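# Close look at the chain arrangement
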Amino acid sequence: MSSLLKNIIRFIFFILVQVLILDEVPPLHQFIVPYLYFLFLLWLPFSINRFFLLIIAFMFGLSLDFFTGTPGLHAAPCVLIAYIRPFLLNLLIPQETTEQSYLEPSPKNMGWAPYGLYVGILSFLHHSLLVLIEWLQFGNFMFFIGKVLGTTAISLLLIFLTELLLSRKGRHRTNAA
Amino acid sequence: MKNIFLFIRRYFTLLSFLLLEVLAIVLLSNASKSHEAFFSSAVNELTGHFNGWYSGFRGYFGLKEANRQLSEENARLRNMMASNFQAPDTTRKLVTDTLVRDTMGRVRKFTYLPARVIGNTYTLQANFLTLERGSAQGVRKQMAVTGPEGIVGVVVETSANVSKVMSLLHRNSRVSAMLKKDNSAGSIEWDGSNPSFLTMRNVTKGAKVAVGDTVVTSYYSANFPARLMIGKVASISSDQASNFYTLKVKTATNFFNIQYVYLIENARYGEQVQIESNTPKNQ
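All of the points below concern the structure found in this document. (Residues numbered from 1 in each chain as written. Chains lettered and ligands numbered in written order. Predicted model: local features only at pLDDT ≥ 70, side-chain atom pairs only at ≥ 80, totals over all residues. Heavy atoms only, no water.)

## Structural notes on helix 4 (residues 63-79) of chain B
Residues and elements named next belong to chain B. Across its 17 residues, helix 4 extends 24 Å between first and last C-alpha, which sits within 8% of the 24 Å expected from 1.5 Å per residue. Restricting attention to buried positions, one finds in helix 4 the residues Ala 66, Gln 69 and Glu 73. The arc enclosing the buried residues of helix 4, seen along the axis, measures out at 70 degrees, which places them on a common side. Across from the buried face of helix 4, at angles greater than 90 degrees, the exposed residues are Lys 64, Arg 78 and Asn 79. (Helix = DSSP H or I, 4+ residues; strand = E, 2+ residues; numbered from the N terminus. Expected span 1.5 Å × (residues − 1). Buried < 20%, exposed > 50% of the residue type's maximum accessible area, 1.4 Å probe, protein only. Arc of directions from axis to C-beta.)

Spelled out as structure tokens, the structure:
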């Protein structure tokens, strides 16, 4: 399956999972909202053009916003993590070995520790901006910190469960692709 | 000039990042104010169809609860039917009519329209419901929405067959309310933390409020009829510095499994809002 087709399917899959399942979960606690959809952006290939990455992130966030009725609320944090992503990947992986030979970030390609750091930092940034945008209009500081940390913890749990369930093959980049 | 182009090329990614962020914030702030800027009817219709399909599938799981709520409401309404009451004498006869003007000379003010809920969020800070009934079936913006157990929200947007309702669980939601016991007025809002509890502000300290008191819609609202159920007082907090109580109100409506609602049309809504928004001159 080509990388483009695979990512289009993932785009639809993550939006559907977020809208149909995770947004329907009754709140366990006022701090916790399960978010998984932005994993799509973390799984995009290494080689993607940075400008396209921003555009894709914006469209992806906006299409989730169409379902929740808040245009721009999810688009803003998606664009933020899409902008930070290339810098973080450059820091976390050795240039010659990984980026040259593998297609996309995954625990097998990068190792569990760098991948965990990559996912953790980006989900923390995503939730901080998301809650901050909601918070600008009301709320207090403890609520802000609690909500960001609680949501990040649940997101990390969901992401690692996803990684364990859908074991993606650490595919090598070939000349043909 | 050349330097400007060089600058743009050099920082193209950063600039496009900033541009998209600003665009997202602008979209969001426009939407919070008017709820209509970016959401064209086309997109609303598309997500509405999708939600309708999914809700049709999911509706089976809640049929038992929906049946219970509807039959309870039927029982309540049957008890209010005119045929249950005996007229005091035979010279006057009470007739309840569905026409605009009935034989007693009363004018119909409120009309109820049933609708199915096909989309519902309650985990966000700004929650909406989607209803399968739109402007082609008589839905207008700002119509009140109530469920079998209590009020739900206000219509903010309609397309041909689908309409979108700002839930009570929305940070911009404001509904005029009062205590059923002594008609002390206040305003129902949501603080964004727990979807089971609303906040009622500006209740005068003269009110004899107790935990468990019923909160209903007030006589002052333009879109809600008076005395519709909102919830029950769960806790009372009084600020020393002000003359008002702030009450925590448990919602009567269960927002987690709501399936059928009624839209309420006020025939005199436009008239009331217009005269209320007129600024008096020469004062």
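More follows now that the structure is in view.
## Focus: the layout of surface pockets
Residue and element names in this part refer to chain B. By volume, the second largest pocket amounts to about 360 Å³. Lining the second largest pocket are 19 residues, and of these Arg 58, Gly 59, Asn 257, Ile 258 and Gln 259 lie nearest its centre. Considering every element that reaches the lining of the second largest pocket, the biggest residue donor is strand 1 (residues 110-120), with five residues. Residue composition of the lining of the second largest pocket, grouped by class: eight nonpolar, seven polar and four charged. (1 Å grid on protein atoms, 1.4 Å probe; cavity = no way out; pocket = protein on both sides within 12 Å on 5 of 7 lines; lining within 4 Å. Points joined across faces, edges and corners; volume = space filled by probe spheres on them. Nonpolar A, V, L, I, M, F, W, Y, C, P; charged D, E, K, R; others polar.)

## Overview of the packing of aromatic side chains
Across all of its chains, the model carries 17 aromatic pairs over all chains by this definition. With a centroid separation of 4.9 Å and an interplanar angle of 80 degrees, the aromatic rings of Tyr122(B) and Phe256(B) are classed as edge-to-face. Taken as a pair, Tyr122(B) in the loop between strand 1 and strand 2 (126-131) and Phe256(B) in the loop between strand 11 (244-251) and strand 12 (260-266) lie far apart in primary sequence, 134 residues in all. By relative accessible area, Tyr122(B) is classed as buried at 5%. With relative accessibility at 34%, the residue Phe256(B) sits in the partly exposed group. Connected via pairs of aromatic rings, a cluster forms that spans Phe11(A), Tyr35(A), Tyr37(A), Phe38(A), Phe40(A) and Phe60(A). In this structure, Lys164(B) packs its charged tip against the face of Phe128(B), placed 5.2 Å from the ring centre. One residue, Lys248(B), lies across the ring of Phe197(B), its end atom 4.8 Å from the ring centre. (Phe/Tyr/Trp six-rings, centres within 6.5 Å; stacked < 30°, edge-to-face > 60°. Lys NZ or Arg CZ within 6 Å of the ring centre and 35° of its normal.)

## Some details on the pairing of strand 2 of chain B
Sheet faces and side chains relate simply in a regular strand, where the side chains alternate between the two faces. Residues and elements named next belong to chain B. Among the six residues that make up strand 2, six are buried, leaving the element largely enclosed by the rest of the structure. Residue alternation in strand 2 divides its side chains into two sets, Ala 126, Phe 128 and Thr 130 and Asn 127, Leu 129 and Leu 131, and both sets are buried. Here strand 1 pairs with strand 2 via three bridges, running antiparallel. Note that in strand 2 the partner of Gly 119 across the bridge is Thr 130. Between strand 1 and strand 2, which pair antiparallel one after the other, the connecting turn spans five residues. Where strand 2 meets strand 5 (residues 163-170), five bridges bridge the pair, whose relative direction is antiparallel. Across the sheet, Leu 129 pairs through a bridge with Val 165, a residue of strand 5. (Pairing = 2+ DSSP bridges.)

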